[in-house]
Amino acid sequence: MKMKPRLGVNIDHVATIRNARGGRHPDPVRAANVAENAGADGITAHLREDRRHISDDDIRRLGESIRLPLNLEMAATPEMLEIALHHKPRAACIVPEKREERTTEGGLDVFSSQDHLKRCISQLSDAGIRVSLFIEPDPRHLDAAVALDAPVVEFHTGAYCDAAGAARHRELQRIIDAAAHAEDLALECHAGHGLTFETVSAVAAIPTIVELNIGHFLVGEAIFGGLESSIKRMRSLMDRARAEAHGERSA
Ligand code: PXP
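Residues numbered from 1 in each chain as written. Predicted model: local features only at pLDDT ≥ 70, side-chain atom pairs only at ≥ 80, totals over all residues. Heavy atoms only, no water.

Enquirer: Sorry if this is basic, but what is going on with the nonpolar core here?
Expert: Across soluble globular proteins, you tend to see nonpolar side chains buried next to one another. By size, the foremost hydrophobic cluster in this structure holds 73 residues, and its most contacted members are Ile43, Ile94, Leu124, Leu133, Phe155, Ile209 and Leu212. When residues of this core are assigned to their parent elements, the largest contribution, six residues, is made by helix 11 (residues 227–250). (Core = buried A, V, L, I, M, F, W, Y, C linked by side-chain atoms within 4.5 Å. Buried < 20%, exposed > 50% of the residue type's maximum accessible area, 1.4 Å probe, protein only. Helix = DSSP H or I, 4+ residues; strand = E, 2+ residues; numbered from the N terminus.)

Laid out in structure tokens, this is it:
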């Protein structure tokens, strides 16, 4: 039996709502504890350069108080590297960051600044932090990740989630093909961005994708049915898709 995919719950947008008014409510650390009770395997948080949602203090409190492993999403800047090396989260996902974007709009440019990226990955890895690169599901990007000595990649699933009909099938196939290429290269494979109850199953069914990181949709759904319930439903859709995919392969 293939292992269930891990669910990393991204709590950034709990902080977005808190920051709309300032103060402390709703607290992303409380959301992390709810996520643990609802069956999450990890907590993901993106400390952005402009601190628009998660704050430095959130990272400190998450590091000190949650039991689940923390995956810190970060740009490869000297400031973020220093913060990561100070807090030593279990994992760090290197993402591209543009000040003017509303969210992380695409995968990392793994072709420019390779020396810089390689140094960043090596410093994080030497500190015992498991490094992933947030990339497009493209074989050339995977080859570049290997050259950079990254042990893990996370596929940006935004294009798949945004597309409809035949275009969505094409985007899904890109992810499936990239996951197969990652396996050949012995890269651990994660995926995330824009996943919903509707789009998660097809990605969770890919047997070599070991972790999905999901945030915005879960926090949005929490408005209607509660955070615990939205995470539990996502968890069960992921687990069912993986079990069914396994059943089909062994039938
Ligand atoms: N993975 C990475 C690397 C991300 O940057 C994000 C968005 O912060 C996510 C996953 C989660 O995306 P979403 O909030 O759309 O579920």
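Enquirer: Would you take a moment to explain the packing of aromatic side chains for this structure?
Expert: Each pair of aromatic rings is reported with the distance of its centres and the angle of its planes. As enumerated under the stated definition, the model contains one aromatic pair in all. For the ring pair phenylalanine 197 and phenylalanine 217, a centre distance of 4.8 Å and an interplane angle of 85° mean the geometry is edge-to-face. One end of the pair, phenylalanine 197, is in the loop between strand 7 (188–192) and helix 9 (200–204); the other, phenylalanine 217, is in helix 10 (residues 216–225), with 20 residues separating them in the sequence. Here phenylalanine 197 falls in the buried class, since its relative accessible area comes to 14%. According to the relative accessible area criterion, phenylalanine 217 is partly exposed, its value standing at 22%. (Phe/Tyr/Trp six-rings, centres within 6.5 Å; stacked < 30°, edge-to-face > 60°.)

Enquirer: What is the right way to look at the site of the ligand in this model?
Expert: Lining the immediate environment of the ligand, one finds 15 residues, of which Glu73, Glu154, Gly194, Gly215 and His216 sit closest. Note that an oxygen atom of the ligand is positioned 2.7 Å from one of the backbone N or O atoms of glycine 194. Glycine 215 places a main-chain nitrogen or oxygen 2.8 Å from an oxygen atom of the ligand. Isolated, the ligand exposes 390 Å² of accessible area, and the fraction of that covered by the protein chains is 95%. Split into classes, the residues belonging to the shell around the ligand amount to four nonpolar, eight polar and three charged. (Near = heavy atom within 4 Å. Polar contact = N/O pair within 3.5 Å; in protein donor to acceptor, adjacent residues only side chain to side chain. Areas by Shrake-Rupley, 256 points an atom, 1.4 Å probe, with all protein chains shown as cover. Nonpolar A, V, L, I, M, F, W, Y, C, P; charged D, E, K, R; others polar.)

Enquirer: Just to check I follow, could you spell out the pattern of salt bridges for this structure?
Expert: Side chains carrying opposite charge are able to pair once their charged atoms draw close together. Evaluation of the coordinates by the stated rule reveals 21 salt bridges. Across the salt bridge formed by aspartate 50 and arginine 52, the nearest N and O atoms sit 3.0 Å from each other. Given a relative accessible area of 27%, arginine 52 falls into the partly exposed group. Where glutamate 171 meets arginine 174, a salt bridge forms, and the shortest distance between an N and an O atom there is 3.0 Å. Here glutamate 171 and its partner arginine 174 are both found in helix 8 (residues 165–184), three residues apart, which amounts to about one turn of the helix. Through salt bridges with shared partners, a single network forms among Arg18, Asp27, Asp57, Asp58, Arg60, Arg61 and Glu64. (Salt bridge = Lys/Arg side-chain N within 4 Å of Asp/Glu carboxyl O.)

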